[in-house]
Amino acid sequence: MTFWPNVVVATPAHSGVGASLSYRSELPLAPGTLVRVPLGRREVLGVVWACATEPPEGLTEAQTKAVASVLDGLPPLNPRWRQLVKFAAQYYQRSLGEVAMAALPPQLRELSNEQLARRLKRRAKASRPAASEASASVTPEDAAPASSATHGHDLSDEQREALTALHSAQAPVLLYGATGSGKTEVYLRATRQVLDIATPEGDCPTQVLVMVPEINLTPQLEARFRERFEPLYGTDAVVCLHSGMTPPQRMSSWLAAHTGTARIVLGTRMAVFASLPGLRLIVVDEEHDPSYKSQEGARYSARDLAVYRAKVETEALASHAVPLQTGPHPRPLPEGEGVKPTDAPTPPRCQVVLGSATPSLESWHAADQGRYVRLSMPGRIGGGALPRLRLVDMNHQPKGAVLAPPLVTAMAGRIARGEQCMVLLNRRGYAPVLACHDCGWKSACAHCSAYRVFHKLDRTLRCHHCGFTERVPRACPDCGNLDIAPVGRGTEQIEEQLSALLADVQRPDGGPARVARMDADSTRLKGSLEVQLATMHSGEVDVLVGTQMIAKGHDFRRITLVASVNADSALFASDYRAPERLFALLMQAAGRAGRDAAQSEASEMWVQTWYPQHPLFATLKQHDYPAFAAEQLIERQQAGMPPYGFQALLRADARTQAAAQAFLNGAAQHSLGLPHRDEITLYPAVPLTIQRVANVERAQLLVEAASRGALQRFLSAWQPVLLDCRSLPEARGLIRFAVDVDPLAI
Ligand code: ADP
Ligand code: ZN
Ligand code: ZN
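Here the residue numbering is sequential within each chain, running from 1 through the sequence in written order. Key to labels: chains lettered from A, ligands numbered from 1, both in the order written. Under the rules for a predicted model, residues below a pLDDT of 70 receive no local features and side-chain atom pairs below 80 are neither given nor counted, while totals for whole chains, interfaces and linings still include all residues. Side-chain figures throughout are based on the complete set of non-hydrogen atoms in the structure, without hydrogens or water.

Novice: Just to check I follow, could you spell out the sheet that holds strand 1 (residues 4-9) for this structure?
Specialist: The pairing of strands in a sheet happens through backbone hydrogen bonds and is either parallel or antiparallel. Strand order across the open sheet formed by six strands is 5-2-1-4-3-6, with mixed pairing between neighbours. Whereas interior strands pair on both sides, the edge strands pair on one side only; in this sheet they are strand 5 (65-66) and strand 6 (69-70). Following DSSP output, two strands are said to pair if at least two bridges run between them. Secondary structure elements are taken from DSSP: a helix is a run of H or I of four residues or more, a strand is a run of E of two residues or more, and numbering for both begins at the N terminus. In terms of strand pairing, strand 1 meets strand 4 (residues 42-52) through six bridges, oriented antiparallel. Residue pairing in the sheet places tryptophan 4 in a bridge with alanine 52 of strand 4.

So this is what it looks like as structure tokens:
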């Protein structure tokens, strides 16, 4: 008998959602099966989406090609995974094939069946101990020595209450916990509860997905999860998935997750697409972080997809009506172990926990509306206070001072007492511009509408947008003046100045103060990030200077002073999300100070500003996120901005700005008469703030709607129009276009 599977393969971005190709097969192929199929003259990886017993209309057997091979060592991708991928493709206006293939490890495309079989065999061997443990039905508790390492801390009352509530919550959970309130411990306990759930023989064991916004936060989290769970579930139980891994590493993690050997996947936004057949808990740490939104390809929000994914998994669990089992032998939990499962069985769920000290206004609003369950942990572990905010009015500082003298004095005092400081500046390099004061020459990039940044350490001018790099000229290229000077400041300069200003300060052990810098430049080499974090943790550094990379999530114990030296530009940025972002950044940064309760009373957050009266600082002073959020939400509501309105951007790249804008405006003109068009506002095309990057001109057009549904249906209907508009004569020179749904920056 012959079967006609529909196979999804990598397709160009705009070939339309739902595009799958028909093939022929002698065997029925289950949906989700991975196959190799001929496409043109190549053979490509594909996912079977459906399998028909009738040939597709209008095609004869001779006209269809046969499936070349089946990756039969691998279980099929399950229906929930396929639903996630399909939803993401539709919602973010990309092709199914593009999203599906991007969700799979790149190496899967290259490995032969034999190579794949060898890897699976190696995996199975490596994970045997864990498997035999399970089959002997020994609970992990019995198998592992009871050590404090595997049990963690005694929970605080707030943590215990949050866990109890989390256990019975019937909606996504927003864990609103102050910095240092012990959110990670809550994630660890919630993970433990889920991993203890027994699954029927032959089913995938339960699994947990934990996401962090940035790669540099994975080492710390990985260490904590490994320490806690490897003794219980084996060395294969925890795997990572992020873009800093090599293709073989990613392949290995993916296989472990797909086959159920891995119980916990830790990763960045891409991990939201990992195949996790036993998924029962998703944690999105620092859920407010913009890094969860992809800025290329399908511009998805991993946080929003996590919420969707949990819903799909929960619906599937409910429809199978699997009774909730709390373990092979329900046992009394030792003191401090956390939450006792309630007597009344709650329906099985895949829970999603969004954690943050400064939640996104979207999530905050969802909790206000009751769509999410808000759990608050306002106190810090150990009862310590949040750092005191000290605003430095730069209008009253010596002219030209980069660092206010009182701040430097305060830092010196801390160092002399053996405490650490952190200085934040969101600009790497030495100075953002190099300029000639005689003729006005500036270090503009030849390929972008931006300046090249002066990097003093290697004496280069580097464009942070296109990478164009040259040695610093000896003299002004235009007039020959030898006196060309840096304008503005970056992290390299702050590091240099602090080293000079603190040169005479002695640490308690008599040694000189040590200043270090951490940013994308200092952590470029593999392994350097870990080394730098380690020197900070071990106290070999007294002052850490860095970009926002150092502000997030790190649990440095000895920092008592954090300073933000130049954040003013965000106060007046045109992007309506700028205040939200600044508030979150400063709260996060402040959260790095005084994490040791013994020192928290004296801990401080210094902010240098020319606008100390700005209302944002008043709420920041109180650490009052709810008040800040309430104010912002009122403003958003009045302006019809998200989360009260819905937006998308149509973006275009072209050889000329005129072509980019002509394409966008043409697309707007040709949208008349489309479904829901009368509910949509289309704004005129505008150039991007940085209009030209790598000789490509960029423009965008804002799309607004009062309802998500209307926006979605309009965008789908608009797709074919967009394809047609590529050939408008005035759009000649168009390179590409993209739709960004729920954009983060406008
Ligand atoms: P958050 O993620 O909320 O900022 P963390 O989870 O990093 O906070 O916790 C802050 C610190 O408190 C960590 O060093 C952690 O080990 C410690 N900690 C967490 N929970 C407890 C507890 N119940 N008892 C003692 N220490 C705890
Ligand atoms: Zn000059
Ligand atoms: Zn450039």
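Novice: How do you make sense of the coordination of the zinc ion (ligand 3) when you look at a structure like this?
Specialist: In an ideal octahedron of six donors the angles at the metal are 90 or 180 degrees, and in an ideal tetrahedron of four donors they are 109.5 degrees. Only N, O and S atoms count as donors, using a 2.8 Å cut-off from the metal and 3.2 Å for Na, K and Ca, and because water is excluded some sites may appear unfinished. In this structure, Cys445 (SG), Cys448 (SG), Cys463 (SG) and Cys466 (SG) serve as the protein donors to the zinc ion (ligand 3), at separations of 2.3 Å. Note on geometry labels: four donors, all angles 85 to 135 degrees, give tetrahedral; four donors become square planar and six octahedral when opposite donors are over 155 degrees apart and every other angle is between 65 and 115; remaining cases are irregular. In this structure, the zinc ion (ligand 3) is surrounded by four donor atoms whose angles at the metal cover 107 to 114 degrees, and the resulting shape is tetrahedral. Within one chain, the residues donating to the zinc ion (ligand 3) are spaced in sequence as C-x2-C-x14-C-x2-C. Note on exposure labels: buried denotes an accessible area under 20% of the residue type's maximum, exposed denotes more than 50%, and partly exposed covers the range between, all computed with a 1.4 Å probe on protein chains only. The exposure class assigned to cysteine 466 is partly exposed, which follows from its relative accessible area of 29%.

Novice: Mind showing me how you'd approach the coordination of the zinc ion (ligand 2) here?
Specialist: Distances from the zinc ion (ligand 2) to its protein donors, Cys436 (SG), Cys439 (SG), Cys476 (SG) and Cys479 (SG), fall at 2.3 to 2.4 Å. Considering all four donor atoms around the zinc ion (ligand 2), the spread of angles at the metal, 105 to 113 degrees, places the coordination shape in the tetrahedral class. Written as a sequence motif, the donor arrangement for the zinc ion (ligand 2) is C-x2-C-x36-C-x2-C. When its relative accessible area of 40% is taken as the criterion, cysteine 479 is described as partly exposed.

Novice: Is there a simple way to think about the packing of helix 12 (residues 361-368) against helix 19 (residues 625-639) in this case?
Specialist: Two quantities define a packed helix pair, namely the angle between the axes and the distance from one axis to the other. What counts as an axis is a line fitted to C-alpha atoms, over the stretch in contact for a helix, and the angles between N-to-C directions run from 0 to 180 degrees. It is at 11 Å that the axes of helix 12 and helix 19 come closest, and there the two elements cross at 95 degrees. Taken together, the axes of helix 12 and helix 19 are roughly perpendicular relative to one another. Residue-level inspection shows Leu361, Trp364, His365 and Asp368 of helix 12 in contact with helix 19, the latter providing Tyr625, Pro626, Ala629, Gln632, Leu633 and Arg636. Residues are grouped as follows: Ala, Val, Leu, Ile, Met, Phe, Trp, Tyr, Cys and Pro are nonpolar; Asp, Glu, Lys and Arg are charged; every other residue, Gly included, is polar. Looking at side-chain class alone, the contact of helix 12 with helix 19 contains six nonpolar, two polar and two charged residues. Oblique is the label for any angle not covered by the other classes, which are roughly parallel (under 35 degrees), roughly antiparallel (over 145) and roughly perpendicular (65 to 115). Whether two residues touch is decided by their heavy atoms; if any such pair falls within 4.5 Å, the residues are in contact.

Novice: When you look at the site of ligand 1 in this model, what are you seeing that I'm missing?
Specialist: In this text, near means that some heavy atom of the residue lies within 4 Å of the molecule or strand in question. Asp154, Gln159, Gly180, Lys183 and Asp555 are the nearest of the 18 residues found near ligand 1. What qualifies as a polar contact is a pair of N or O atoms within 3.5 Å, subject to a donor-acceptor requirement within protein and to the restriction that residues adjacent in sequence count only when both atoms come from side chains. At a separation of 2.8 Å, a nitrogen atom of ligand 1 approaches a polar side-chain atom of glutamine 159. Contact distances for ligand 1 include 2.9 Å between an oxygen atom and a backbone N or O atom of lysine 183. Computed on the free molecule, ligand 1 has an accessible area of 560 Å², of which 84% lies beneath the protein chains in the complex. Among the elements that line the shell around ligand 1, the one with the most residues is helix 8 (residues 183-195), at three residues. Where accessible areas are quoted, they stem from the Shrake-Rupley method and a 1.4 Å probe; at the residue level, only the protein chains shown are allowed to cover.

Novice: For this particular structure, what's the right way to read unusual backbone geometry?
Specialist: Trans peptide bonds make up most of the peptide bonds, and negative phi angles are found at most residues other than glycine. Omega for the bond connecting proline 642 with proline 643 falls within 30 degrees of zero, at 5 degrees, which places this linkage in the cis form. Considering the arrangement of structural elements, one finds proline 643 in the loop between helix 19 and strand 25 (646-654). In this structure, alanine 694 is a non-glycine residue whose phi angle is positive, near 50 degrees. Here alanine 694 shows up in the loop between strand 27 (686-693) and strand 28 (696-705).

Novice: I keep staring at the side chain of arginine 280 and nothing clicks. Help me out?
Specialist: By the element assignment, arginine 280 lies in strand 11 (residues 279-285). None of His or the chain ends enter the tally, which takes Lys and Arg as positive and Asp and Glu as negative. By salt bridge we mean one thing: a side-chain nitrogen of Lys or Arg within 4 Å of a carboxyl oxygen of Asp or Glu. No salt bridge forms around the buried arginine 280; measuring N to O, its nearest opposite-charge neighbour glutamate 313 is 7.0 Å away.

Novice: Honestly, a nonpolar patch on the surface in this entry has me stumped. Any pointers?
Specialist: The grouping of Phe572, Trp610 and Tyr611 at the surface amounts to a nonpolar patch, some 370 Å² of accessible area in total. The residue tyrosine 611 is located in the loop between strand 24 (604-609) and helix 18 (615-621) in this model. Patch membership is restricted to residues that have no salt bridge and whose relative accessible area is over 30%. Joining uses 9 Å for like charges and 5 Å for the nonpolar side chains Val, Leu, Ile, Met, Phe, Trp and Tyr.

Novice: Before we go on, may I ask you to explain helix 8 in this structure?
Specialist: The α-helix winds at 3.6 residues per turn, so residues separated by three or four positions along the chain end up facing the same way. Helix span is expected to be 1.5 Å times the residue number reduced by one. Taking 1.5 Å of rise per residue, the 13 residues of helix 8 would be expected to cover 18 Å, and the 18 Å separating its terminal C-alpha atoms lies within 8% of that figure. Within helix 8, 12 of the 13 residues are buried, leaving the element largely enclosed by the surrounding structure. All of the buried residues in helix 8 are Lys183, Thr184, Glu185, Val186, Tyr187, Leu188, Arg189, Ala190, Thr191, Arg192, Val194 and Leu195.

Novice: Just checking my understanding: could you explain the packing of helix 7 (residues 157-168) against helix 8 for this structure?
Specialist: Their axes nearest at 10 Å, the elements helix 7 and helix 8 cross at an angle of 40 degrees. The orientation of helix 7 relative to helix 8 falls into the category oblique. Relative to helix 8, helix 7 is oriented so that their crossing is right-handed. The residues of helix 8 that touch helix 7, namely those facing Gln159, Leu163, Leu166 and His167, are Glu185, Val186, Arg189, Ala190 and Gln193. When the residues that make up the contact of helix 7 with helix 8 are grouped by side-chain class, the tally is four nonpolar, three polar and two charged. For a crossing to be left-handed, the near helix must be turned anticlockwise from the far one by less than a right angle; the clockwise case is right-handed.

Novice: Where do I start with the environment of alanine 401 in this structure?
Specialist: In this structure, alanine 401 sits in the loop between strand 14 (388-393) and helix 13 (405-416). Assessed through its relative accessible area of 21%, alanine 401 is described here as partly exposed. In this structure the C-alpha to C-alpha distance between alanine 401 and asparagine 481, which are 80 residues apart in sequence, comes to 26 Å.

Novice: So what exactly am I meant to see when it comes to the packing of aromatic side chains here?
Specialist: For any two aromatic rings, the description comes down to two numbers: the centre-to-centre distance and the angle of the planes. Planes of paired rings set the category: under 30 degrees apart is stacked, over 60 is edge-to-face and the rest tilted, where pairs are Phe, Tyr or Trp rings (Trp by its six-membered ring) whose centres lie within 6.5 Å. Under the criterion given, the structure shown has 16 aromatic pairs. Taking 5.5 Å as the distance between ring centres and 65 degrees as the angle between the ring planes, the aromatic pair formed by tyrosine 430 and phenylalanine 454 counts as edge-to-face. Here tyrosine 430, found in the loop between strand 15 (420-424) and strand 16 (433-436), pairs with phenylalanine 454, found in strand 17 (residues 453-455); they are 24 residues apart in sequence, far enough to count as distant. Residue tyrosine 430 shares its accessibility class with phenylalanine 454, and that shared class is buried. Ring geometry for phenylalanine 583 against phenylalanine 628: centres 4.0 Å apart, planes inclined by 5 degrees, an arrangement best described as stacked. Pair noted here: phenylalanine 583 is in helix 16 (residues 578-590) and phenylalanine 628 is in helix 19, with a separation of 45 residues, a long-range link. Since its relative accessible area comes to 0%, phenylalanine 583 is described here as buried. Exposure remark for phenylalanine 628: the relative accessible area of 3% places this residue in the buried category. Connected via pairs of aromatic rings, a cluster forms that spans Tyr176, Trp364, Phe583, Tyr625 and Phe628. Sitting over a ring, as applied to charges here, requires NZ of Lys or CZ of Arg to be within 6 Å of the ring centre and within 35 degrees of the ring normal. Sitting above the plane of the tryptophan 364 ring, arginine 374 keeps its charged end 4.2 Å from the centroid.

Novice: It is not clear to me how the sheet that holds strand 17 should be interpreted in this structure. Could you clarify?
Specialist: Strands sit in the order 17-18-19 across an open sheet of three strands; the sheet is antiparallel. What marks the edges here is a single partner per strand, and that holds for strand 17 and strand 19 (469-471). Ignoring strand direction, the axes of neighbouring strands in this sheet form an average angle of 25 degrees. As paired strands, strand 18 (residues 460-462) and strand 19 are joined by three bridges and run antiparallel to one another. Considered in strand 19, the bridge of arginine 462 is made with threonine 469.

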